[in-house]
Amino acid sequence: MAQRHRRAGDRQQQGHGRDRPRYYGVPAGHTYVGGWTAQNRTAVFHEDIDGDGTKELATAINGTWNRVTVYSDKGVPLYNAQFGPGRSNAPRAQMPTMDVADLDGDGKKELVVGISEGLVVALDNKCQPIWSTRLPSPPVSLRSITPAGADSTGGGRLRRRCPWRRLDEKGKLIRLGKVAGRPAHIVPLQTSTGPLAVVATDQGEVKAFRIGN
């Protein structure tokens, strides 16, 4: 589960000083762990995370140290969740997938992260943990899709690939499916009878799964 590492003695300069790069550090009160070429970003979302009408930037950092951080549109770190050290600095080794969606319809976005230990972790708009679900195998990619009949402002269902699994907005596993090969891409497709999750694999299969009851 994601934990926030805080230290009272951390200096304000971490991510806040004028000489610090934008979209780089962590908020005051959090420990910054650098990695240079041993770290990489596996997700970047430029969306209104907290529902105040201004877009923020949410990103996942993968490598020797792993975290999810939300920045202001000016690059100042606002919120942070530490996921701890990693065994490899290979791209997506620990933090392979992340999505941003309003799961509960309150007008604020949740950050949903899949990690290599097999967990799907949901954080609120301030990077505080909401729930976590352990899957039989590590998630490869996540996509939130609103099911037919649900309020368009929230209530998303999460699709997980390889093989695909469907979670509800509270992280409960509600459906399983299979595809041939390793899924390479997933997109939502709106139809007259409701949304579909269309999955394409590395073996050339394209398969659609209906979202909803």
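The rules behind each value
- Residues numbered from 1 in each chain as written.
- Predicted model: local features only at pLDDT ≥ 70, side-chain atom pairs only at ≥ 80, totals over all residues.
- Heavy atoms only, no water.
- Helix = DSSP H or I, 4+ residues; strand = E, 2+ residues; numbered from the N terminus.
- Contact = heavy atoms within 4.5 Å.
- Areas by Shrake-Rupley, 256 points an atom, 1.4 Å probe, with all protein chains shown as cover.
- Pairing = 2+ DSSP bridges.
- Axes fitted to C-alpha atoms, helices over the stretch in contact; angles between N-to-C directions.
- Phe/Tyr/Trp six-rings, centres within 6.5 Å; stacked < 30°, edge-to-face > 60°.
- Core = buried A, V, L, I, M, F, W, Y, C linked by side-chain atoms within 4.5 Å.
- Buried < 20%, exposed > 50% of the residue type's maximum accessible area, 1.4 Å probe, protein only.
- Polar contact = N/O pair within 3.5 Å; in protein donor to acceptor, adjacent residues only side chain to side chain.
- pLDDT = per-residue confidence, 0-100.

A.B. asks: Any chance you could explain the overall build of the protein chain here in plain terms?
C.D. replies: Looking only at helices and strands, one finds zero helices and 15 strands in the protein chain. Across the protein chain, the fraction of contacts at a sequence separation of at least 24, relative to all contacts at a separation of at least 6, is 42%. Total accessible area computed for the protein chain in this model is approximately 10500 Å², and 49% of it derives from carbon and sulfur atoms.

A.B. asks: Sorry if this is basic, but what is going on with the sheet that holds strand S6 (residues 110-114) here?
C.D. replies: Sheet strands line up and pair through hydrogen bonds in the backbone, either parallel or antiparallel. With respect to topology, four strands assemble into an open sheet ordered S5-S6-S7-S8, the strand pairing being antiparallel. With one partner strand each, in any of the chains shown, strand S5 (97-101) and strand S8 (129-134) form the two edges of the open sheet. The average undirected angle you get between the axes of adjacent strands in this sheet is 15 degrees. Alignment of S5 against S6, held across five bridges, turns out to be antiparallel. If you follow Met-98 over to S6, its bridge partner there is Val-113.

A.B. asks: What is the right way to look at the packing of aromatic side chains in this model?
C.D. replies: Within a pair of aromatic rings, the relevant descriptors are the distance that separates the centres and the angle that separates the planes. Enumeration over the complete set of coordinates arrives at two aromatic pairs. Judged by centre distance (5.9 Å) and plane angle (70 degrees), the ring pair of Tyr-23 and Tyr-71 falls under edge-to-face. Of this pair, Tyr-23 sits in the segment before strand S1 (39-47) while Tyr-71 sits in strand S3 (residues 65-71), and the two are 48 residues apart along the sequence.

A.B. asks: I'm lost on the sheet that holds strand S4 (residues 77-85) in this one. Help?
C.D. replies: On the basis of which strands lie adjacent, the open sheet formed by four strands has the order S1-S2-S3-S4 and antiparallel pairing. In this open sheet, the two edge strands, each paired with only one partner strand, are S1 and S4. Ignoring which end each strand starts from, the neighbouring axes of this sheet average 10 degrees apart. Of the strand pairs in this sheet, S1 and strand S2 (residues 56-63) are connected by eight bridges, and their pairing is antiparallel. From the neighbouring strand, Asn-40 faces S2, where its bridge partner is Asn-62.

A.B. asks: How should I be thinking about the nonpolar core in this particular structure?
C.D. replies: Side chains of a nonpolar character, in soluble globular proteins, are inclined to be buried together. Judged by nonpolar contacts, the single largest core of 19 residues is most densely connected at Val-68, Phe-83, Met-95, Met-98, Leu-111, Val-113 and Leu-123. Here this core gets three residues from one element, more than from any other, and that element is strand S7 (residues 119-123). The residues touching Val-68, leaving out its near neighbours within four places in the chain, are Thr-59, Ala-60, Tyr-79, Asn-80, Ala-81, Phe-83, Met-95, Met-98, Leu-111, Val-113, Leu-123 and Cys-127. Core analysis: the second largest hydrophobic core is formed by nine residues, Ala-101, Val-112, Ala-122 and Leu-142 among them.

A.B. asks: Would you mind showing me how to read the side chain of Asn-40 here?
C.D. replies: By secondary structure assignment, the location of Asn-40 is in strand S1. In terms of polar contacts, Asn-40 uses its side chain to reach the backbone carbonyl oxygen of Asn-89, at 3.1 Å. What Asn-40 contacts, discounting residues up to four positions off in sequence, is Ala-60, Ile-61, Asn-62, Asn-89, Ala-90, Pro-91 and Arg-92.

A.B. asks: I keep staring at the pairing of S5 and nothing clicks. Help me out?
C.D. replies: Regular strands place side chains that alternate from one sheet face to the opposite one. Within S5, five of the five residues are buried, leaving the element largely enclosed by the surrounding structure. Here S5 shows two buried faces, one formed by Thr-97, Asp-99 and Ala-101 and the other by Met-98 and Val-100.

A.B. asks: Even after reading the chapter, I still don't get the confidence of the model for the protein chain, so can you show me in this structure?
C.D. replies: Parts of the prediction with low pLDDT should not have their coordinates interpreted in detail. Looking at the protein chain, the pLDDT average stands at 81 and 79% of residues meet or exceed 70. Confidence scores differ between elements of the protein chain, with strand S10 (residues 157-160) showing the lowest mean pLDDT of 57 and S3 the highest of 97.

A.B. asks: Help me out: how do you make sense of the environment of Gly-75 in this one?
C.D. replies: In this fold, Gly-75 is placed in the loop between S3 and S4. Since its relative accessible area comes to 4%, Gly-75 is described here as buried. Sequence-distant contacts of Gly-75, that is, excluding residues within four places in its chain, are made with Arg-22 and Tyr-23.

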